[in-house]
Amino acid sequence: MQPIDIADVELAVLETSELTTFPCSVQNLRRTSAEKTKTPPSLLNPKKQKRRKKQGPCRKLIPEQGLITTDIAKYWRQRYSLFSRYDDGIQMDEEGWFSATPEEIAATHAARASSGTIVIDCFSGVGGNAIQFALRIRGCHVVAIDIDPQKIGYAINNAKIYGVEDNIDFIVGDFFQLAPFLKADVVFLSPPWGGPSYKKIQNFTLDLFKPRDGYSIFQVAQKITPNIIMFLPRNVDINQVEELSWLSSPPLNFEIEESHVQGYTKGITAYFGYIVSGSPGLSKLSEVVTSQEFGASPHG
């Protein structure tokens, strides 16, 4: 079902502080043929009316973004956990809502990188991770890559809101084609998980990642640096993730942790190389940022 033009919907009152629910079918959002001929709604077959209400996915209105699916509306309610400065003009496309790393988790990832580190965000999306790496408290320089020019446009806008656009080089391109020409101290990988449907998979294996399987993605990143951070689904096959450390000779240091927001597991983070806790290079890394510093907005 394609997004419905908000101009086709007659709105009496729109409370911008709340999520407004509309009928679940196109027929109920547009004038029916019966209404065009002035047939009173009370004369319509009630059974047909019930069937009509069950058609199609329910859509809700995000005040500043128009109509979206109910699945995405769930992420909108968590908007301040994705970007604490959401109200300052953060921009996202539909995919960005479910693919952006929660800010508290992105800050924890970034805390593993030391000041002055060059970081490549290989699938940057709307910029959540790149922004956290580039903040002044860490001072990393980031190369943010995404194949979608619209997402890069949103990422530039969002970086300006956080005042870190000068610390990020934004590139529209295919990471796999660019990788042979890239140099960095740390590579951050959060390859597409396939949307919210990933939750239905009991054991998420590395071959399910897009646009290539997890092994291939890791091997390409490894040619840039052994210091790799991977943000993965919470139902990922842990044994396969550990196998990635053996793709090097000698094997890479390896660490895995659950990533939480407000007590809920949002994903699994795997660290490889010198950014692993206890590694010789860790003493030079930034201090982990507490959740209090990057908690949700009090307006959420």
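Taking an unreviewed UniProt entry as the reference, the chain is identified by name as Trimethylguanosine synthase belonging to Elaeis guineensis var. tenera. Annotation of the chain in UniProt includes, under Sequence similarities (unreviewed entry), the sentence "Belongs to the methyltransferase superfamily. Trimethylguanosine synthase family."

Let us look at unusual backbone geometry. Working note: non-glycine residues mostly have negative phi, and peptide bonds are mostly trans. Cis geometry marks the peptide bond from K210 to P211; its omega dihedral reads 0°. Here P211 is to be found in the loop between β7 (186–189) and α11 (214–222).

Moving on, we come to the sheet that holds strand β4 (residues 118–121). Read across the sheet, seven strands follow the order β6-β5-β4-β7-β8-β10-β9 without closing on themselves; strand pairing throughout is mixed. The sheet is open, and its two borders are formed by β6 (168–172) and β9 (254–261), each paired with just one other strand. Neighbour-to-neighbour, the strand axes of this sheet turn through a mean angle of 20°, independent of strand direction. For strand β5 (residues 141–146) and β6, the ladder comprises five bridges, and the chain directions are parallel. Each residue of the ladder has a partner; that of A144, found in β6, is F170. Against the sheet, helix α7 (residues 103–110) touches β7, β8 (228–232), β9 and β10 (264–272), its axis set at about 155° to β9. In the packing of helix α9 (residues 149–162) onto the sheet, contacts are made with β5 and β6, and the angle to β6 comes to roughly 165°.

It is worth spelling out the confidence of the model for the chain at this point. Of the residues in the chain, 66% have a pLDDT of 70 or more, and the chain-wide mean is 75. Contacts from residues 1–39, a stretch scored under 50 in pLDDT, to residues over four places away or in other chains number 57 contacts. Low pLDDT, under 50, characterises residues 281–300; the predicted model gives this stretch 42 contacts beyond four residues in sequence or across chains.

Counting residues in each nonpolar core, the largest one holds 69 residues, and the members touching the most others are F83 and F175. Residue contributions to this core peak at five residues, all from β8.

A separate point is the pairing of β5. Most of β5 sits inside the fold, with five of its six residues counted as buried. Of the pairings in the sheet, the one linking β4 to β5 comprises four bridges and is parallel in character. Along β5, the bridge assignment pairs I120 with V143. With α9 bridging β5 and its parallel neighbour β6, the resulting β-α-β unit is right-handed.

With respect to the helices, strands and loops of the structure, L208 is situated in the loop between β7 and α11. Given the relative accessible area of 30%, L208 is considered partly exposed. Placed 15 residues apart in sequence, L208 and W193 show a C-alpha to C-alpha distance of 7.4 Å.

On to α7, then. Because an α-helix completes one turn every 3.6 residues, residues spaced three or four positions apart along the sequence face the same direction. Summarising burial for α7: seven of the eight residues are buried, a large majority. Within the sequence span of α7, burial applies to E103, E104, I105, A106, A107, H109 and A110.

Reading guide: rules and limits
Residues numbered from 1 in each chain as written. Predicted model: local features only at pLDDT ≥ 70, side-chain atom pairs only at ≥ 80, totals over all residues. Heavy atoms only, no water. UniProt positions renumbered as here; feature names shortened; annotations may be inferred. Helix = DSSP H or I, 4+ residues; strand = E, 2+ residues; numbered from the N terminus. Pairing = 2+ DSSP bridges. Axes fitted to C-alpha atoms, helices over the stretch in contact; angles between N-to-C directions. Contact = heavy atoms within 4.5 Å. pLDDT = per-residue confidence, 0-100. Core = buried A, V, L, I, M, F, W, Y, C linked by side-chain atoms within 4.5 Å. Buried < 20%, exposed > 50% of the residue type's maximum accessible area, 1.4 Å probe, protein only. Right-handed = clockwise from strand over helix to strand, strands pointing away.

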